[in-house]
Amino acid sequence: MTETTNAKASRGKAAKKDEAPSVLALEWSLAELPSAQHRAGLAGLVLMVRWLEGQPGGFAGTCRITRIDEAGLSLLIDLAGLGSLLDATYEAASEEEEYPSPWKNKAPIREVQKEEVDKKGKVKTKTYYVYPRIVPSGAWLVSYDPSGNGSKGGEWTALFRRMLWETFRGVPATRAPFEERAAKRACGLAEDTWKDLCRPPEHAVRLPSTYYLGAQANSADGVPFFDRARYQFLLHFWPFVASIYVPAHVKPQDGKREYVPYAIVVPDVAALASFCEELPYVLKARETRAIGKSLPEAAVLDLAIEGALDTARRLRERIAAREGRKDTADLVLGYEVHHVTKEGNNVRVLSSSRVEPDADTVDHYARNRKAFRHPPFRQVWLSNLIHGRPRHVAFDRLIATSPLSTMTFGSNAFRHDARKYFEITSNEAAEMQEENETPENTRDDSIEAIVYAVVSGYVRGKLKAKYNLAWEDVKAGKKSKKDYEEKKEKVAKEAFLAVRARPEQDFVSYFAGTLCSVPQFLDTKRYSRLTHALQGDTGKVRTLTLLALSANAWSIPAKES
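Residues numbered from 1 in each chain as written. Predicted model: local features only at pLDDT ≥ 70, side-chain atom pairs only at ≥ 80, totals over all residues. Heavy atoms only, no water.

(A) Examining the overall build of the chain more closely. Along the backbone of the chain there are 20 helices and 16 strands. By principal-axis analysis of the C-alpha atoms, the chain measures approximately 95 × 65 × 50 Å. Taken across its 561 residues, the chain has 48% of its residues classed as buried. Counted over contacts in the chain with a minimum sequence separation of 6, partners at least 24 positions apart contribute 69%. (Helix = DSSP H or I, 4+ residues; strand = E, 2+ residues; numbered from the N terminus. Buried < 20%, exposed > 50% of the residue type's maximum accessible area, 1.4 Å probe, protein only. Contact = heavy atoms within 4.5 Å.)

Below, the structure is given as structure tokens:
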């Protein structure tokens, strides 16, 4: 008889000794659950039970969903079935991993010598230290990992396992259930959980952060966190339903990206049965391209809360493909986004927020999410989109506080994105005119289009007047394209620095006296609109001018041209 069988037998004896009910009929409704994490946990329970039922050879005990609809479910379960369920949830394996340096106060299993070629081409012998490593299995997630190959899973499963090990189970003392399963022992949580579930529905238990993000065993004032036992039971399963991302930020000093994992997106489920039907298809449709050995490229974000938009986009695409509709509000009420990272032995929550994107916001994100290349530019665009702010807001702060060479005008990616900014605005204005059926007036008269036209006219006029350069001559082969691009960047940069250095009132004088010093073809309507904007919304015109000057300095990289 194996250790697991012994443990399962002891579970039956314990239930008999305590005269607890042999089978429990549990019910939950989404409406009664206190948080999005609990509601996601209910969905995770459904998917875990279904996966367990499909395993070859079945499982011990009773664990069966007797009713499920959009509002909730009923579960029939006994102690042995609960043990099987938790065994599957905390299934893990013990593997060996090589590390370049030994651990503090722990001897390795063995040392391995390897020959490696360094950057100078010299062959050197390097010592690696082998230590055991517990790897959570991921249960049913492995089946829906499109990058996976067999039972081991792929990059998406590896990301889930790392997140689990570095956040919820970042402290070694919290890893006992996985260590038990890796050692082929039954999960020790089953019997205590069973006893708690057998008590009255109002029975409360302690709520540590191991199960609920944002909770503490005790607050700073020493007040303990509690949750109803039948609610806390659901928290075992919600990480399987959450979307995992890796936010990245750019270091101002060198412009390089640095990963700050993890952004955990928890869907606030509103329709249980439909959500559990659709989620596996959403997971299966994820992109498979990877960065390095084990990081899905599609999981890297420029902003943690972008995870909510990306999850909503995937769900919407699935719904649109199946039913032809775009709105997912009846499926998910919103998304909780927790940015969590491990610092030393501490797991720190960097931010928590709730996002409830409407269909237009998700649609705008889906159309333009790949349009921008410069991470800081994209961060501002995303932040404005999610918070419903005007599109130009905060770009002036980015330009004023960031290094010129890596973060703003000096980066060709920033200049590309500035150009995309005006292209997207222009395209949306054209779509709106088409929807309003006004073909007789197809010109874009937004302040964005007017400012861009004025700045473009200034750059062209200055190139012609100062350097006798025109794009028509470059196209005809009469002038050097390289010389044209360099002089164009120089003209735009001089004006960019002049605008950036001027406060709003001085900017108005500079705009009228310098940018409008070359012939500008503005009719009465456009001239009037620009004049009013300069006086009434100077900050916006100044920001748009900085972006338009950046856009005019963009040059197509050689590999793209």
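(B) Spotlight on the sheet that holds strand β4 (residues 92-99). Across the sheet, 3 strands lie side by side as β4-β6-β5; this open sheet has antiparallel pairing. Of all strands in the sheet, those with a lone pairing partner are β4 and β5 (110-117), marking the two edges. Going across the sheet, the axis of each strand differs from the next one's by a mean of 35°, ignoring polarity. Direction of pairing for β4 relative to strand β6 (residues 123-136): antiparallel, over a ladder of 8 bridges. In the sheet register, Glu-95 faces β6, and the bridge partner there is Arg-133. (Pairing = 2+ DSSP bridges. Axes fitted to C-alpha atoms, helices over the stretch in contact; angles between N-to-C directions.)

(C) Up close: the sheet that holds strand β1 (residues 23-29). Ordered in space as β1-β3-β2, the 3 strands form an open sheet in which the pairing is antiparallel. The sheet is open, and its two borders are formed by β1 and β2 (63-68), each paired with just one other strand. Sheet twist, expressed as the average angle between the axes of neighbouring strands with direction ignored, equals 20°. By the bridge criterion, 7 bridges tie β1 to strand β3 (residues 72-78) in an arrangement that is antiparallel. What sits directly across from Leu-26, in β3, is Leu-75. Sheet strands in contact with helix α6 (residues 189-198) are β1 and β3, and its direction is about 70° off that of β1.

(D) Region of the structure containing helix α15 (residues 447-467). Taking 1.5 Å per residue as the helical rise, α15 with its 21 residues ought to reach 30 Å, and the 30 Å between its terminal C-alpha atoms agrees with that figure. Every buried residue of α15 is accounted for by Ile-447, Glu-448, Ala-449, Ile-450, Val-451, Val-454, Val-455, Ser-456, Gly-457, Tyr-458, Val-459 and Leu-463. Taken from the residues just after α15, Asn-468 is the one with a positive phi, measuring 55°. (Expected span 1.5 Å × (residues − 1).)

(E) Structural detail: the packing of helix α14 (residues 412-435) against helix α20 (residues 538-552). Axis separation between α14 and α20 bottoms out at 7 Å; the angle between their running directions is 115°. Here the hand of the crossing between α14 and α20 comes out left-handed. Taking contact as the criterion, the partners of Phe-414, Arg-415, Ala-418, Arg-419, Tyr-421 and Phe-422 in α14 are, on α20, Leu-544, Leu-547, Ala-548, Ser-550 and Ala-551. Classifying every residue of the contact of α14 with α20 by side-chain character gives 8 nonpolar, 1 polar and 2 charged. (Left-handed = near helix turned anticlockwise from the far one by under 90°. Nonpolar A, V, L, I, M, F, W, Y, C, P; charged D, E, K, R; others polar.)

(F) Region of the structure containing the packing of aromatic side chains. For the structure shown, the criterion picks out 21 aromatic pairs. Ring centres of Phe-160 and Phe-240 lie 5.3 Å apart, and the angle between their planes is 40°; on these two criteria the pair is classed as tilted. With Phe-160 in helix α4 (residues 155-166) and Phe-240 in the loop between α7 (229-232) and β9 (243-250), this pair connects stretches of sequence that are 80 residues apart. Each ring, one from Phe-507 and one from Phe-511, has its centre 5.7 Å from the other, and the planes form 65°; the classification is edge-to-face. With Phe-507 and Phe-511 both in helix α18 (residues 504-515) and 4 residues apart, the pair spans about one turn of that helix. Exposure class is identical for Phe-507 and Phe-511. Each is buried. Across the ring face of Tyr-281, the terminal group of Arg-318 is positioned such that the distance to the ring centre comes to 4.0 Å. The ring of Tyr-467 is capped by Lys-487, whose NZ or CZ atom sits 5.5 Å from the centre of that ring. (Phe/Tyr/Trp six-rings, centres within 6.5 Å; stacked < 30°, edge-to-face > 60°. Lys NZ or Arg CZ within 6 Å of the ring centre and 35° of its normal.)

(G) Summary view of the pattern of salt bridges. Scanning the model with the defined rule gives 35 salt bridges in all. The residue Lys-114 makes a salt bridge to Glu-98 at a minimum N-O spacing of 2.7 Å. Highlighted residues: Lys-114 in strand β5 and Glu-98 in strand β4, separated in sequence by 16 residues. Its relative accessible area of 33% is what places Glu-98 among the partly exposed residues. Note that Glu-448 is salt-bridged to Lys-540, the shortest N-O span being 3.6 Å. With Glu-448 in helix α15 and Lys-540 in helix α20, this residue pair connects regions lying 92 residues apart in the sequence. (Salt bridge = Lys/Arg side-chain N within 4 Å of Asp/Glu carboxyl O.)

(H) Layout of the layout of surface pockets. By volume, the largest pocket amounts to about 1100 Å³. Residue lining of the largest pocket: 29 residues in total, with Glu-97, Arg-133, Ile-134, Val-135 and Trp-165 positioned closest to the centre. Put simply, the parts of the chain that give the lining of the largest pocket at least two residues each are β4, β6 and α4. When the residues that make up the lining of the largest pocket are grouped by side-chain class, the tally is 12 nonpolar, 5 polar and 12 charged. Looking at the second largest pocket, its volume works out to about 570 Å³. Along its surface, the second largest pocket is lined by 18 residues, and Glu-297, Val-300, Arg-369, Lys-370 and Arg-378 are the ones closest to its centre. (1 Å grid on protein atoms, 1.4 Å probe; cavity = no way out; pocket = protein on both sides within 12 Å on 5 of 7 lines; lining within 4 Å. Points joined across faces, edges and corners; volume = space filled by probe spheres on them.)

(I) Representation of the environment of Val-508 within the structure. Relative to the helices and strands, Val-508 resides in helix α18. A C-alpha to C-alpha distance of 9.1 Å links Val-508 and Val-541, two positions 33 residues apart in sequence. Those residues in contact with Val-508, other than ones at most four positions away along the chain, are Leu-534, Gln-535 and Thr-538.

(J) Structural context of the confidence of the model for the chain. Predicted confidence across the chain gives a mean pLDDT of 89, with 93% of residues reaching 70 or more. Taken together, the stretch residues 1-9 has pLDDT below 50 and engages in 11 contacts with residues farther than four places along the chain or on a different chain. (pLDDT = per-residue confidence, 0-100.)

(K) Spotlight on unusual backbone geometry. Between Pro-261 and the following residue, Tyr-262, the backbone shows a cis peptide bond with an omega angle of 10°. Unlike most non-glycine residues, Ala-394 shows phi in positive territory, near 80°. Note that Ala-394 resides in the loop between α11 (375-386) and α12 (395-401).

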